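# A look at the structure
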Amino acid sequence: MTDHPVRWGILGTGGIASAFAADLRLTDSGAAVAVGSRSQESADRFADAFGIARRHASYEQLAADPDVDVIYVATPHPMHHGNAILALRAGKHVLIEKPFTMNAAEARDIVKVARERGLFAMEAMWTRFLPHVAVIRDWLAQGALGDIVTVIADHGQWFAEDPASRLFAPELGGGALLDLGVYPVSFASMVLGPPSRIVSMSDPAFTGVDAQTSMLFGYDSGAQSVLTCTLRAKGPTRAAIVGTDARIEVEGDFYAPVAVTLLPRNGDPVRVEPAHDGRGLRHQADEVARRLAAGDTESPLMPLDETISIMETIDTVLAQARKNT
Ligand SMILES: NC(=O)c1ccc[n+]([C@@H]2O[C@H](COP(=O)([O-])OP(=O)(O)OC[C@H]3O[C@@H](n4cnc5c(N)ncnc54)[C@H](OP(=O)(O)O)[C@@H]3O)[C@@H](O)[C@H]2O)c1
């Protein structure tokens, strides 16, 4: 599909758009060539900061830019669906920030439009593409753990209680689960697939969105996942995958570039600390470039059907939160 470095168009000029544009400078697989913002001023400021030539004062203009291959959707979650559909209808491939959408219905719609048009689409669940997660996947594929019994993952961060903050504002998709909990949910999904039973408990923030959510997932194999997220406190942000023959422990923030250790029931631990540079966002960009060069319309590392299934799980957890509060 592309025989040149990927020409990225950045849609939105906020925090993660800046982090992604900075990490794109660390790879030769592509470069930011255009940015689109709701205002010319923001587009110019962002373009100046990252040396981007083409700066558009609307998302529509960015989508119509003939020199853009892929649009990176970096707006608040409620806008992902509309922004992604705009880009796809303009014939652009899309990389969409996590959570992919607000719910599974929106995710299905994006996937349908992308597939109808033969365009590439992927959730920017950047953790999936990190070198330490590749090590985890190798250990799992080798059967190093025996039967998997438990997945444990936590994502707690402290945020000031600001009603205007995207994290707390319902109209901006606020809440712990969609912003933070999607990481443990996705991690468990990568290891064990979709759960067959879901039990969860949420506590609301002052704006009504979930401030804290804890989840128990059950699988037909008998395995279980124990997952937590909160906007109220910095948690350990650790993860472990526990099997009958060994366990994997992820050091530090499990969703960021860190070390992983395989601890066999009998035998010495094996610790791997892959080299990395930047914030860890370049790896998803490299994956997009690889897939486009191969003519693929999705990534086997973050398949679209799995993204939909993750949103279905999140729908169920949020429905339980609404019922119980
Ligand atoms: N992968 C990660 O590590 C990571 C980290 C943080 C966030 N995220 C995800 O990235 C997305 C954006 O998060 P962020 O922290 O970058 O948000 P942010 O700093 O608030 O930036 C969001 C950008 O979206 C645009 N936007 C469009 N409609 C908007 C509206 N009604 N209100 C506010 N902004 C609007 C704005 O750009 P213009 O004004 O230029 O149009 C704004 O700068 C979220 O879905 C979040 O979950 C991912």
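All values reported here derive from a predicted model rather than from experimental measurement.

### Describing the domain arrangement of the chain
By domain assignment, the chain separates into domain 1 (6–126) and domain 2 (131–275). Placing the centre of domain 1 and that of domain 2 at their C-alpha centroids yields a distance of 27 Å. Summed over both partners, the interface of domain 1 with domain 2 buries about 950 Å², with 69% contributed by carbon and sulfur atoms. Contact with domain 2 buries area across many residues of domain 1, yet H77, M125 and W126 alone supply 47% of it, more than any other trio. At the boundary of domain 1 with domain 2, the tally comes to 1 salt bridge. Between K98 and D179 there is a salt bridge, with its nearest N and O atoms 3.9 Å apart. Across the contact surface, domain 1 and domain 2 share 3 residue pairs in polar contact (both at pLDDT 80 or more). Residue contributions to the side of domain 1 that touches domain 2 peak at 3 residues, all from helix α4 (residues 77–89).

### Some words on the site of the ligand
By nearness alone, 23 residues border the ligand, and T13, S37, Y59, K98 and R279 come closest of all. At 2.5 Å, a side-chain N or O of S37 approaches an oxygen atom of the ligand. Within the side chain of Y183, a nitrogen or oxygen atom sits 3.3 Å from an oxygen atom of the ligand. Expressed as a share of its isolated accessible area of 890 Å², the protein-covered part of the ligand is 80%. Judged by its atoms lying within 2 Å of the grid points, the ligand is housed in the largest pocket. Looking at which element gives the most residues to the shell around the ligand, the answer is α4, with 3 residues. By residue class, the composition of the shell around the ligand is 9 nonpolar, 8 polar and 6 charged. Each of two domains, domain 1 (6–126) and domain 2 (131–275), supplies a minimum of three residues to the shell around the ligand.

### Here's the deal with the confidence of the model for the chain
Residue-level pLDDT values for the chain average 97, and 99% of them are 70 or greater. Helix α9 (residues 304–324) is the least confidently modelled element of the chain, averaging 94 in pLDDT, while strand β5 (residues 93–97) averages 99, the highest of any element.

### Considerations on the pattern of salt bridges
Tallying each qualifying case throughout the model produces 24 salt bridges. Between R291 and E287 there is a salt bridge, with the nearest N and O atoms lying 2.8 Å from each other. Linking R291 with E287, this pair stays in helix α8 (residues 282–294), spanning 4 residues, or about one helical turn.

### Structural notes on the sheet that holds strand β1 (residues 6–11)
Read from one edge to the other, the open sheet built from 6 strands follows the order β3-β2-β1-β4-β5-β6, with strand pairing classed as parallel. At either end of the open sheet lies a strand with only one pairing partner, and these are β3 (54–56) and β6 (121–124). Averaged over all pairs of adjacent strands, the angle between strand axes in this sheet comes to 25°, irrespective of strand direction. Relative to β5, strand β4 (residues 70–73) runs parallel, the two sharing 4 bridges. Opposite V70, over in β5, you have H93 as the bridge partner. Its contacts with the sheet place α4 against β1, β4 and β5, and it is angled at close to 170° to β5.

### Let's talk about a nonpolar patch on the surface
On the surface, I152, V199, L216 and V226 cluster together to form a nonpolar patch covering roughly 310 Å² of accessible area. Relative to the elements of secondary structure, I152 occurs in strand β7 (residues 148–156).

### So, the layout of surface pockets
One number sums up the size of the largest pocket: a volume of about 740 Å³. As for the largest pocket, its lining consists of 31 residues, of which G15, I16, A74, T75 and R166 are closest to the centre. Per-class residue counts for the lining of the largest pocket are 12 nonpolar, 12 polar and 7 charged. Three or more residues apiece are contributed to the lining of the largest pocket by two domains, here domain 1 (6–126) and domain 2 (131–275). Contributing to the lining of the second largest pocket are 19 residues, with G208, V209, D210, L318 and R322 lying nearest its centre. Looking at the lining of the second largest pocket, the elements with two or more residues in it are α7 (176–192), β8 (197–204) and α9.

The rules we used
- Residues numbered from 1 in each chain as written.
- Predicted model: local features only at pLDDT ≥ 70, side-chain atom pairs only at ≥ 80, totals over all residues.
- Heavy atoms only, no water.
- Domains from an automatic or database assignment.
- Buried area = accessible area lost by both parts, 1.4 Å probe.
- Salt bridge = Lys/Arg side-chain N within 4 Å of Asp/Glu carboxyl O.
- Polar contact = N/O pair within 3.5 Å; in protein donor to acceptor, adjacent residues only side chain to side chain.
- Helix = DSSP H or I, 4+ residues; strand = E, 2+ residues; numbered from the N terminus.
- Near = heavy atom within 4 Å.
- Areas by Shrake-Rupley, 256 points an atom, 1.4 Å probe, with all protein chains shown as cover.
- 1 Å grid on protein atoms, 1.4 Å probe; cavity = no way out; pocket = protein on both sides within 12 Å on 5 of 7 lines; lining within 4 Å.
- Sits in = over half its atoms within 2 Å of the grid points.
- Nonpolar A, V, L, I, M, F, W, Y, C, P; charged D, E, K, R; others polar.
- pLDDT = per-residue confidence, 0-100.
- Pairing = 2+ DSSP bridges.
- Axes fitted to C-alpha atoms, helices over the stretch in contact; angles between N-to-C directions.
- Contact = heavy atoms within 4.5 Å.
- Patch = residues over 30% accessible without salt bridge, like charges linked within 9 Å, V, L, I, M, F, W, Y side chains within 5 Å.
- Points joined across faces, edges and corners; volume = space filled by probe spheres on them.

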